[in-house]
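# Geometric and topological summary
Listed below, chain by chain, are the residues.
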Amino acid sequence: MKTNEIMARLQAKYPGESEYLQAVREVLESVEDTYNQHPEFEQAKIVERMVEPDRMFTFRVTWVDDNGVVRTNTGYRVQFNSAIGPYKGGLRFHRAVTPSMLKFLGFEQTFKNALTTLPMGGAKGGSDFDPVGKSNEEIMRFCQAFMYELWQCIGPDQDIPAGDVGVGSREIGYLYGMYKKLARQYNTGVLTGKGSTWGGSILRPEATGYGALYFTQNLLHKAGKDIKGCRVAISGFGNVAWGASKKAVELGAVVVAISGPDGVCEIPDGITPEMIDYMLEMRASNRNRVEDMAIRFPDRAFFTPGKKAWSVKCDIALPCAFQNELSEEDAMQLKQNGCWCCCEVSNMGCQPGAIHYFQHNGVLFAPGKAVNAGGVATSGLEMTQNASHISWSGREVDEKLHYIMDSIHKACVKYGTQADGSIDYVKGANIAGFMKVAQAMLEQGIV
Ligand code: GLU
C-alpha cells in the first residue's frame, strides 16, 4: 500500500472530513513499512477495508426544552470494526459533533481497543446536542429521545456504548433507563460507565486518568526519570482531567494548571484534593467555565481568560480535553518553558505539527490511543463483571488496570523501538494495534 494513494482516494471521496482524514493518515504513515512486509494483507485489501466503518446509523432526535420549545438534533452511531470483538466505544454530546469527528474517533477506538488486550471492536457515537447550560430535565429528555432511536442498534454482545465528552454517569443512567423500557432487556452489560449500585465498575470514573498516569510512569521509568516533584499542566476539567489530577497528586507530582474553553487556571503551589473534588461540581453545573475554580479558591488559583494550559511553565503536559487542542506553537512554547514530556490523554489531542515538533526536539511523546486506553479497558472489565454477575473490589480493578497499562507500554516499546534505541511511541502504538486487527480480519476472510 502507498499512504499517499489511499489518502488521495479518501480525500476525493470524503472532502472536508478533516479529523477523519488526519487520523487515518497518522496511522497509515506509521504502519506502511510493516504492512508492506505482508503481501497477504495487501492481497486481502486489509487497509482499504479497515479505513471504512462497517456501518453508520444517522437519526433525528427531537425533544422539548424547559420552555416548551421543540428542538431537533442529529444522532449517530458509527460501528467501525468488529474484527476482535463486539463494537465498543463512547458517545459524545457536543455542539461540534459531525460524521467526520465520529469516524475519526471510531477509527482510533478500533486500534486503542486492540491495544487493551481485551476482545473489543471499535465504535463511536453521539450527537450535536450541546449540554452547556441545559437543565437536568433537558438532559434527561434528550437522552431518552436519543435512546429511542439507538436501542435497536446496540446490545451486550453486539455494540456497547459508554461515555465520552458530554456524557458521564448521569447521562448513562438516563440512557439505560430508557433502553430497558424500550428493549425489555435487563442485561446491564449493554452500556458501560454505569452507576456503581447498578452494574457500574468501581474505578471506571477514574480509570482513564489513572491509566494515563500509569502509562506516563512507565514511560518516565524507561527514560530514567521519576514523576515525583514534576510540575504537570493539564488541560480541561472534566472526568479525564479529574482522574489524571487525582493520580498525579497521589504519585507526588504537582498539578500547576487546569483549563477550560474560557481560559486557564494557574495553581502555582499545586492542586489540592479539595480542588480536585470541586472539579466534579464544576462539570455537573454544565456551565463549562474553569474560572469558577479561581473564584472558589482565590488563595491558590488565578484565572487568565483566553489562555491555554500550555502557557504555564511545567515539566509534563497532559492534554485531557479535545482533539487538536495542542498546536505546533503550543508545543514550541511548552519546550521553551522547559517541558520535556507530553502524554496525550485526549483522543488526537495534539496536531500533527505538534507531534512532529516534540519528536524532533527531544520531548518525550506518547499518543492518546495508548495513553488513554485505561478508560475503555476498564469498560471491558465492567462488561466482564456484568457477564459473570459479580463485582470486583477497587483493588482488583486497579490491579487489572495497572497490568493492562503495563502491557500497552510493553507493546509500544516492542513495536516502536528504533535503530538508535529511542522509542517512537506513535509508531509503536499504531503498529501494535493495527497488526492485531489486520491479522484478525485476514483470518476471518473477505467479509
Ligand atoms: N470514550 C472513551 C474512549 O475514548 C471510553 C470508551 C468506552 O469506555 O467504551 O476511549
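The rules we used
Residues numbered from 1 in each chain as written. Predicted model: local features only at pLDDT ≥ 70, side-chain atom pairs only at ≥ 80, totals over all residues. Heavy atoms only, no water. Helix = DSSP H or I, 4+ residues; strand = E, 2+ residues; numbered from the N terminus. Rg over C-alpha atoms; globule rule 2.2 N^0.38 Å. Buried < 20%, exposed > 50% of the residue type's maximum accessible area, 1.4 Å probe, protein only. Contact = heavy atoms within 4.5 Å. Near = heavy atom within 4 Å. Polar contact = N/O pair within 3.5 Å; in protein donor to acceptor, adjacent residues only side chain to side chain. Areas by Shrake-Rupley, 256 points an atom, 1.4 Å probe, with all protein chains shown as cover. Nonpolar A, V, L, I, M, F, W, Y, C, P; charged D, E, K, R; others polar. Expected span 1.5 Å × (residues − 1). Phe/Tyr/Trp six-rings, centres within 6.5 Å; stacked < 30°, edge-to-face > 60°. Lys NZ or Arg CZ within 6 Å of the ring centre and 35° of its normal. Axes fitted to C-alpha atoms, helices over the stretch in contact; angles between N-to-C directions. Parallel < 35°, antiparallel > 145°, perpendicular 65-115°, else oblique. Left-handed = near helix turned anticlockwise from the far one by under 90°. Salt bridge = Lys/Arg side-chain N within 4 Å of Asp/Glu carboxyl O. Pairing = 2+ DSSP bridges.

## A look at the overall build of the protein
A count of helices and strands for the protein gives 17 helices and 12 strands. The C-alpha atoms of the protein give 21 Å as radius of gyration, which agrees with the globular expectation for 447 residues (22 Å, within 12%). If one aligns the C-alpha atoms of the protein with their principal axes, the spans along those axes are about 60 × 60 × 45 Å. Taken across its 447 residues, the protein has 57% of its residues classed as buried. The contacts in the protein between residues at least 6 apart in sequence include a share of 72% that link residues at least 24 apart.

## Let's talk about the environment of Pro-15
Note on placement: Pro-15 falls in the loop between helix 1 (3-13) and helix 2 (18-36). Judged by its relative accessible area of 60%, Pro-15 falls in the exposed class. Between the C-alpha atoms of Pro-15 and Lys-307, which are 292 residues apart in sequence, the distance is 32 Å.

## What about the site of the ligand?
Around the ligand sit 13 residues, and of these Lys-88, Lys-112, Gly-163, Asp-164 and Ser-379 come closest. Arg-204 is positioned such that a nitrogen or oxygen atom in its side chain is 3.0 Å from an oxygen atom of the ligand. Ser-379 is positioned such that a nitrogen or oxygen atom in its side chain is 2.6 Å from an oxygen atom of the ligand. Protein coverage of the free-state accessible area of the ligand, which is 300 Å², stands at 94%. Among the elements that make up the shell around the ligand, the one with the highest residue count is strand 3 (residues 87-93) (3 residues). When grouped by side-chain class, the residues that make up the shell around the ligand number 2 nonpolar, 6 polar and 5 charged.

## What about helix 16 (residues 394-416)?
In a regular helix each residue adds 1.5 Å, so 23 residues correspond to 33 Å; helix 16 covers 32 Å between its end C-alpha atoms and thus fits that length. Listed as buried for helix 16 are Val-397, Leu-401, Ile-404, Met-405, Ser-407, Ile-408, His-409, Ala-411, Cys-412, Val-413 and Gly-416. Where the residues of helix 16 are buried, they touch helix 5 (99-115), helix 8 (204-222), helix 14 (368-371), helix 15 (373-387) and helix 17 (425-443).

## Considering the packing of aromatic side chains
Aromatic ring pairs are defined here through the distance separating the ring centres and the angle between the ring planes. A full pass over the atoms with the stated rule returns 18 aromatic pairs. Pairing Tyr-35 with Phe-434 gives two aromatic rings, centres 5.7 Å apart and planes at 75°, and the pair type is edge-to-face. Here Tyr-35 is found in helix 2, whereas its partner Phe-434 is found in helix 17, with 399 residues between them in sequence. For the residue pair Tyr-35 and Phe-434, the accessibility class agrees, reading buried in each case. Arranged with centres 5.9 Å apart and planes meeting at 20°, the rings of Phe-358 and Phe-365 form a pair that is stacked. Exposure class is identical for Phe-358 and Phe-365. Each is buried. One aromatic cluster is present, built from ring pairs that chain together Tyr-35, Phe-41, Phe-80, Phe-107, Phe-111 and Phe-434. The ring centre of Tyr-14 lies 3.4 Å from the NZ or CZ of Lys-103, which sits over that ring.

## Things to note about helix 6 (residues 136-150)
With 15 residues, helix 6 extends 21 Å between its outermost C-alpha atoms, agreeing within 8% with the 21 Å of an ideal straight helix rising 1.5 Å per residue. Along helix 6, the residues classified as buried are Glu-138, Ile-139, Phe-142, Cys-143, Ala-145, Phe-146, Met-147 and Leu-150. Contacts from the buried residues of helix 6 go to strand 1 (55-64), strand 2 (70-81), strand 3, strand 4 (122-127), strand 5 (159-162) and helix 7 (169-183).

## Let's talk about the packing of helix 2 against helix 17
Packing of helix 2 against helix 17 brings their axes to within 9 Å, and their N-to-C directions diverge by 70°. The angle between the axes of helix 2 and helix 17 places the two elements in the roughly perpendicular class. Across the interface between the two elements, Glu-26, Val-27, Ser-30, Val-31, Thr-34 and Tyr-35 of helix 2 pack against Val-426, Lys-427, Asn-430, Ile-431, Phe-434 and Met-435 of helix 17.

## Here's the deal with the packing of helix 15 against helix 16
Contact geometry of helix 15 with helix 16 gives a least axis separation of 10 Å together with a crossing angle of 135°. Classified by the interaxial angle, the pair formed by helix 15 and helix 16 is oblique. The two elements helix 15 and helix 16 meet at a crossing, and its hand is right-handed. Two secondary-structure elements touch here, helix 15 through Ala-373, Gly-374, Ala-377, Thr-378, Leu-381 and Gln-385 and helix 16 through Val-397, Lys-400, Leu-401, Ile-404, Met-405 and Ile-408. Classifying every residue of the contact of helix 15 with helix 16 gives 8 nonpolar, 3 polar and 1 charged.

## Description of the pattern of salt bridges
Throughout the structure, instances matching the rule amount to 22 salt bridges. In this structure, Asp-164 engages Lys-124 in a salt bridge whose closest nitrogen and oxygen atoms are separated by 3.0 Å. Of this pair, Asp-164 sits in the loop between strand 5 and helix 7 while Lys-124 sits in strand 4, and the two are 40 residues apart along the sequence. Counted as one network, the salt bridges with shared partners bring together Arg-287, Arg-289, Glu-291 and Asp-292.

## Section: the pairing of strand 7 (residues 254-260)
On any regular strand, side chains alternate: one points to one face of the sheet, the next to the other face. By the criterion of burial, strand 7 is predominantly enclosed, with 5 of the 7 residues buried. Where strand 6 (residues 231-234) meets strand 7, 3 bridges bridge the pair, whose relative direction is parallel. Bridging across to strand 7, Arg-231 finds its partner in Val-254. Strand direction decides the pairing type here: strand 7 and strand 8 (residues 263-266), joined by 4 bridges, are antiparallel.

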